[in-house]
Amino acid sequence: MTLVARKVLEALPDLGFDYDPNGLRYDIERARAEILDDVLYTVDLPLNDGTTYKWHIGRPQRVLQLFARHSDALKRILQGMPSSPEEPLTILHYHDEVTPGHLLAPVHSRMFTSFRYSFQEMGKHLLTCEDMWFEYAVLRTSILKKVPGGMSTVMAKLMHIFFTCSAEG
């Protein structure tokens, strides 16, 4: 389960959704309609065969806003970080290829790359905590291999979205 999915499930009770295993699908669909649709963004990735892959990611700013809206601890951390137009926060971007399965039995067909970001101003201690890295995109390696330019093309698209798509629009 991705960090985003785990955070959404953890937030369900706070948002007025019941965590009933029998009604979980309904709650997830309702949460998606009311929460995630506001966060989702679709990226058109060109593929080598001339087609386009519709890649659904989270808008980086809105992912952070969603987590902060539902976490008093994260809100306090963000408010305590020094930031101004003259001295903006330093964004750290991280991506990592993951191979699911066991150490001795990896499932290479399900490999993916996870894209996350955080802020240098959080300090060494908080940056060692997985929850302080905000995951906003996941891409299967099988799709990445079909993109002309590979990771360079993907990163160019992500950075464009990261720095030009406002949290409002």
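Refer to the structure presented above.
Described in the following lines is the structure provided in the data block. (Residues numbered from 1 in each chain as written. Predicted model: local features only at pLDDT ≥ 70, side-chain atom pairs only at ≥ 80, totals over all residues. Heavy atoms only, no water.)

1. Topic: the overall build of the protein chain
Broken down by element type, the protein chain carries 7 helices and 7 strands. Of the regular secondary structure in the protein chain, the N- to C-terminal order runs α-α-β-β-α-α-β-β-β-β-α-β-α-α. A fraction of 54% describes how many contacts in the protein chain between residues 6 or more apart in sequence connect residues 24 or more apart. When the accessible surface of the protein chain is totalled, it reaches about 10400 Å², and 55% of it is carbon and sulfur. (Helix = DSSP H or I, 4+ residues; strand = E, 2+ residues; numbered from the N terminus. Contact = heavy atoms within 4.5 Å. Areas by Shrake-Rupley, 256 points an atom, 1.4 Å probe, with all protein chains shown as cover.)

2. Description of the nonpolar core
Counting residues in hydrophobic clusters, the biggest one holds 32 residues, and the most contacted among them are W55, F115, F134, Y136, L139, V154 and L158. Counting residues per element, the ones that place at least two in this core are strand 1 (40-46), strand 2 (52-58), helix 3 (60-69), strand 6 (112-119), strand 7 (134-140), helix 6 (141-144) and helix 7 (150-164). Those residues within four positions of W55 in sequence are excluded, and the remaining contacts are Y41, T42, V43, L45, F115, A137, V138, L139, V154 and L158. (Core = buried A, V, L, I, M, F, W, Y, C linked by side-chain atoms within 4.5 Å. Buried < 20%, exposed > 50% of the residue type's maximum accessible area, 1.4 Å probe, protein only.)

3. Thoughts on the pattern of salt bridges
Per the stated rule, a full pass over the model turns up 4 salt bridges. Where E130 meets R116, a salt bridge forms, and the shortest distance between an N and an O atom there is 3.8 Å. One end of the pair, E130, is in the loop between helix 5 (123-127) and strand 7; the other, R116, is in strand 6, and 14 residues separate them in sequence. Three or more residues joined by partner-sharing salt bridges are found here, namely R116, E130 and E135. (Salt bridge = Lys/Arg side-chain N within 4 Å of Asp/Glu carboxyl O.)

4. A few points about the environment of E97
With respect to the element layout, E97 can be found in strand 3 (residues 91-98). For E97, a relative accessible area of 40% corresponds to the partly exposed category. Along the chain, E97 and R140 lie 43 residues apart, while their C-alpha atoms are 9.0 Å from each other. With residues near it in sequence (within four places) discarded, E97 still touches M111, F112, T113 and T141.

5. Details of helix 7
Here helix 7 contains 15 residues, and its C-alpha end-to-end distance of 22 Å stays within 8% of the 21 Å for a straight helix at 1.5 Å per residue. What helix 7 keeps buried is the set G150, V154, M155, L158, I161 and F162. Looking straight down helix 7, one finds its buried side chains confined to an arc of 130°; they lie on one side. Facing away from the buried side of helix 7 by over 90 degrees, the exposed positions are S152, H160, F163 and T164. (Expected span 1.5 Å × (residues − 1). Arc of directions from axis to C-beta.)

6. Focus: the packing of helix 3 against helix 4 (residues 72-80)
As a packed pair, helix 3 and helix 4 sit with axes 6 Å apart at the nearest point and diverge in direction by 120°. The pairing of helix 3 with helix 4 is recorded here as oblique in orientation. Every residue of helix 4 that contacts helix 3 at L64, F67, A68 and R69 is listed here: L74, K75 and L78. Of the residues assigned to the contact of helix 3 with helix 4, the class counts are 5 nonpolar, no polar and 2 charged. (Axes fitted to C-alpha atoms, helices over the stretch in contact; angles between N-to-C directions. Parallel < 35°, antiparallel > 145°, perpendicular 65-115°, else oblique. Nonpolar A, V, L, I, M, F, W, Y, C, P; charged D, E, K, R; others polar.)

7. Quick notes on helix 3
For helix 3, the buried fraction is high: 7 of the 10 residues fall into the buried class. If you check which residues of helix 3 are buried, you get P60, R62, V63, L64, L66, F67 and A68.

8. Side note on the environment of D96
Examined against the element boundaries, D96 turns out to sit in strand 3. As a C-alpha pair, D96 and S114 span 18 residues in sequence and 5.5 Å in three-dimensional space. When near neighbours in sequence (up to four residues on either side) are disregarded, D96 contacts F112, T113 and S114.

9. Quick notes on the environment of I143
Tracing the backbone shows I143 in helix 6. Judged by relative accessible area, I143 falls into the buried class, the value being 14%. Residues I143 and W55, 88 residues apart in the sequence, show an inter-C-alpha distance of 9.7 Å. Every residue in contact with I143, bar those within four places of it in the chain, is listed here: L47 and Y53.

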